[in-house]
Amino acid sequence: MTNRSDAAIISQVLDGDVEAYGALVARYRERYARFAVHMLGERDDAEEALQDAFVRAYRALGQCADPARFDAWLFRILANRCRTAGARRTRRARTFVRDEVALGEASADHPAERQEWQEEIQRALARLEPDQREAFLLKHVEDLSYEEMAALTGAGVSALKMRVKRACERLRALLGEAQHV
Amino acid sequence: MSNDERDELIDRVADELRAPVTLDAGFHARVMAEVRRPAGRWQAAAQWWTEPRLRVSPLVGLACAAGLAALALLGARALERPLPRIEAAGESALATEPGTQVVQFVLVAPSAASVSLVGDFNDWDPSRTPLRSAATGVWSVNVPLHPGQHQYAFVVDGKDWRPDPAAPNAITDDFGSPNSVITVGGKSS
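Remember, predicted model here, so these are calculated numbers, not experimental data. Throughout, a residue's number is its position along its own chain's written sequence, starting from 1. All chains are assigned letters beginning with A, and all ligands numbers beginning with 1, in the order in which they are written. In keeping with the predicted nature of the model, local features appear solely for residues at pLDDT of at least 70, side-chain atom pairs appear and are counted solely at 80 or more, and the whole-chain, interface and lining totals rest on all residues.

### A short note on the nonpolar core
In plain terms, the rule: Each nonpolar core consists of buried Ala, Val, Leu, Ile, Met, Phe, Trp, Tyr and Cys residues. Their C-beta atoms, within 7 Å, join them into a set. Between the buried cut of 20 or more and the exposed cut of 12 or fewer other C-beta atoms within 10 Å of a residue's own C-beta lies the partly exposed class, and all C-beta atoms are placed from the backbone. For helices the rule is a DSSP run of H or I covering at least 4 residues; for strands it is a run of E covering at least 2, with both sets numbered from the N terminus onward. Contact between two residues is assigned whenever their backbone-derived C-beta positions fall within 7 Å.
With 55 residues, the main nonpolar core has A:Tyr32, A:Ala36, A:Leu50, A:Leu74 and A:Leu78 as its most contacted residues. Broken down by element, this core gets its largest block of residues, 11 residues, from helix 2 (residues 21-40) of chain A. Once you skip the residues sitting within four places of it in the chain, A:Leu50 turns out to touch A:Arg29, A:Tyr32, A:Ala33, A:Ala36 and A:Leu78. B:Val143, B:Leu145, B:Tyr152 and B:Phe154 belong to the second largest nonpolar core, which has 23 residues in total.

Below, the structure is given as structure tokens:
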């Protein structure tokens, strides 16, 4: 993988080297796939949203005001794509599926308990309101600050804090129930 | 259960969710194949927002501003029109699904040769929802929409993307350009 900065790669792409964009795709695809999968629950939808985000970012690369912060810009596009995809999905039957690859890896070094725990988490996550799920993932999984979350989502810091708080309360309730069944 | 134990629960959840996610083996190739494809219409539209389009001298700019002000005065009456009008589903044959409501979009554009509507409901495709000009310069179209919040814009003469001047709400899209926002059914997403 290249060690060149995002800004250097973007400059190369804007100079006409389309293939150079592959370095950015390779750099961020797994990192942001995690967010998309947890936001949408469905792997195919997540890959579609992520692909769409990469392509839209490429098409609008000249509009990336701060190439050194390409990652944040791409994340904002992806978050928007996930919201659009999520809204579309609410009109269909919602079917959250397991991440078979991750579960397979997990069960290789842990017993079935862990697989069950992962499934409980996915189910609980799926039952959160989308804005609460997004806020929880950004804060506790992606480790963004509230200021970064505000820049990314367009929501205010106090609203985001409330979403995270409610998401945590809901997860505690749902997972607490699951552990006592 | 103590608060500490509850925090531990959230930490355990976060730890699980931080595990890497493996993408389909063909993902990278699919993205790059899409990137290599020639630009579509929406890319041209995105570029329209960012590329310098017209450079004028300050004098010409003043003249244009005066002209626009005069046009605004002349057109003020024509622009006194309702916001996008929402009808109940049963009022139109266009509404085919439960909960769907028909929204009338109107744009006053006397000099336009064509106007179309783009939005998240038609994949931002200018060819899918053309407006008709019933009166001189008044373009309209009825569109069935699902309940929720929708973003949209008008495309004038195939290349001029405009937010709805009558819509009270606008939102900046992925590329930093304003789109209008309409909420159907009193819900927002």
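### Quick look at the packing of helix 3 (residues 43-59) of chain A against helix 2 (residues 27-36) of chain B
Put simply, the test is: For helices, the axis comes from a line fit to the C-alpha atoms of the stretch in contact; other axes are also lines fit to C-alpha atoms, and the angle between any two N-to-C directions lies between 0 and 180 degrees. Throughout, a crossing is termed right-handed when the near helix is turned clockwise from the far one, and left-handed when it is turned anticlockwise from it by less than a right angle. Asp, Glu, Lys and Arg are counted as charged, while Ala, Val, Leu, Ile, Met, Phe, Trp, Tyr, Cys and Pro are counted as nonpolar; the rest, among them Gly, fall into the polar class.
One way to put it is that helix 3 of chain A packs onto helix 2 of chain B with a least axis distance of 10 Å and a crossing angle of 35°. As helix 3 of chain A runs across helix 2 of chain B, the sense of the crossing is right-handed. Mapping the contact onto sequence places A:Glu47, A:Gln51, A:Phe54, A:Val55 and A:Tyr58 in helix 3 of chain A and B:Phe27, B:Arg30, B:Val31, B:Glu34 and B:Val35 in helix 2 of chain B. Class assignment of the residues belonging to the contact of helix 3 of chain A with helix 2 of chain B gives a composition of six nonpolar, one polar and three charged.

### Points about the pairing of strand 6 (residues 148-156) of chain B
Residues and elements named next belong to chain B. Quick note on the threshold: In this analysis, strands are considered paired if DSSP registers two or more bridges between them.
Summarising burial for strand 6: eight of the nine residues are buried, a large majority. As paired strands, strand 3 (residues 115-119) and strand 6 are joined by five bridges and run antiparallel to one another. Considered in strand 6, the bridge of Ser116 is made with Val155. As paired elements, strand 6 and strand 7 (residues 160-162) share three bridges and run antiparallel to each other. By the bridge assignment, Val156 is partnered in strand 7 with Asp160. Linking strand 6 to strand 7, which pair antiparallel, is a turn of three residues; within it Asp157 sits at a positive phi near 55°.

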